[in-house]
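An overview of the molecular structure
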Amino acid sequence: MGWLAAGDGYEVALIEGRVAARPTSGRAAGRQLKSLPKTLREHPEVDRLRRLAEWLDRHAATCVAQVDTWMVSSLPVPTGLLARVWPDEAWQTALRDLAVVGDDPDEVGFLRDATEPGELRLVNLDGETVRLSPETVTLPHPVLLPDLDDLREFAAELGVTQKVEQIHRAIWRKPAELAEKATSVSEFSGGRFASRFGLAARATQLGYRVSGGYATCRVRDAGRIVEASVWIGEPYWDSEVETGGLTWHDHDGRSLWLREVGPVAWSEGMRMAAALYAGRQVEEGQ
């Protein structure tokens, strides 16, 4: 942004998310000050820039959340849409270096650019820049990516940093052998917390929804909505509480057999349960 006149002898601008000022005269003319002078702190131009900074922060968070939804659900995204939003710095930051798949599910590349005609530029696993113009692309959940270990190694070599956690997202693969009528996973049960309030607060901080006695995670997997749930105790319970079992339900609330749970819903449910369990009380020496 350019510098804007504010008060007598000062200019202000939004620099790296905060309002900065510089004098327009004197020996320090043109030098950015370390802090805002008191005379500017309530200036209308400064207030407008602060509100703009807050809006930009909300916008950036919205972009990251939307891209995360596309990735977790492996939804097809129109290439033309990516091209239209790419010039926006917030969208570009959220999308850059995500693993992308076009028409060929075995050809994966890291997104580096999207041009106005709807052409994507990717770096493939051979280190070459390729151009794709499919009608739609997917930003696959990592549990669905072939050769994930190779992708992670190549990403490290390229110095890839993803704003939306994809390549290095913790995943859990569904075991091949499961009891025929099993409906619950107890691997992360029994995590003790001082209060139900503390456990619910942890779930919320991690981005999960708290509904009744459960922390929940809703995922679109193979075209259907599945919700994973972990028991966290009765609402308003004020004493110690332990995490319960992990279960999955379909969109109509029907409990799913474990063998019915898809790979993405399984991985995301286990990820939630593990993240909650990690905050448990651990006795000294254990």
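See the structure printed just above.
In this text, all values refer to a predicted model and were calculated from it rather than measured experimentally.

Digging into the sheet that holds strand E13 (residues 224-231)
On the basis of which strands lie adjacent, the open sheet formed by 4 strands has the order E11-E12-E13-E15 and antiparallel pairing. One side of each edge strand has no neighbouring strand; the edge strands of this open sheet are strand E11 (209-211) and strand E15 (246-250). Looking at each pair of strands side by side, their axes are set apart by 35° on average, direction ignored. Both strand E12 (residues 214-221) and E13 contribute to a ladder of 8 bridges, which runs antiparallel.

Notes on the packing of aromatic side chains
Enumeration over the complete set of coordinates arrives at 6 aromatic pairs. Between Trp-248 and Trp-266, the ring centres sit 5.1 Å apart and the planes meet at 10°, which makes this aromatic pair stacked. Highlighted residues: Trp-248 in strand E15 and Trp-266 in helix H6 (residues 263-277), separated in sequence by 18 residues. In terms of burial, Trp-248 and Trp-266 fall into one category: buried. Put simply, the rings of Trp-172, Phe-188 and Tyr-277 touch in pairs and so form one group of aromatic residues.

Here we look at the sheet that holds strand E2 (residues 10-15)
Strand order across the open sheet formed by 3 strands is E1-E2-E3, with antiparallel pairing between neighbours. With one partner strand each, in any of the chains shown, strand E1 (4-5) and strand E3 (18-23) form the two edges of the open sheet. With 2 bridges joining them, E1 and E2 adopt antiparallel strand pairing. Bridge pairing links Leu-4 to Val-12 in E2.

Focus: unusual backbone geometry
Positioned with a positive phi, Asp-97 is a non-glycine residue whose angle comes to about 70°. Structurally, Asp-97 is set in the loop between helix H3 (89-95) and strand E5 (99-101). Take Asp-97: its relative accessible area is 7%, and that puts it in the buried class. At Asp-147, a residue that is not glycine, the phi angle is positive and equals roughly 55°. Position of Asp-147 among the secondary structure elements: in the loop between strand E9 (136-138) and helix H4 (148-158).

Here's the deal with the pattern of salt bridges
The tally for this structure, following the rule as stated, stands at 17 salt bridges. One salt bridge connects Glu-227 with Arg-218, and the closest N-O pair in it is separated by 3.3 Å. Between Asp-250 and Arg-254 there is a salt bridge; the shortest N-O distance is 3.2 Å. One salt-bridge network, in which partners are shared between bridges, spans Asp-68, Glu-165, Arg-169, Glu-268 and Arg-271.

Parameters and conventions
- Residues numbered from 1 in each chain as written.
- Predicted model: local features only at pLDDT ≥ 70, side-chain atom pairs only at ≥ 80, totals over all residues.
- Heavy atoms only, no water.
- Pairing = 2+ DSSP bridges.
- Helix = DSSP H or I, 4+ residues; strand = E, 2+ residues; numbered from the N terminus.
- Axes fitted to C-alpha atoms, helices over the stretch in contact; angles between N-to-C directions.
- Phe/Tyr/Trp six-rings, centres within 6.5 Å; stacked < 30°, edge-to-face > 60°.
- Buried < 20%, exposed > 50% of the residue type's maximum accessible area, 1.4 Å probe, protein only.
- Salt bridge = Lys/Arg side-chain N within 4 Å of Asp/Glu carboxyl O.

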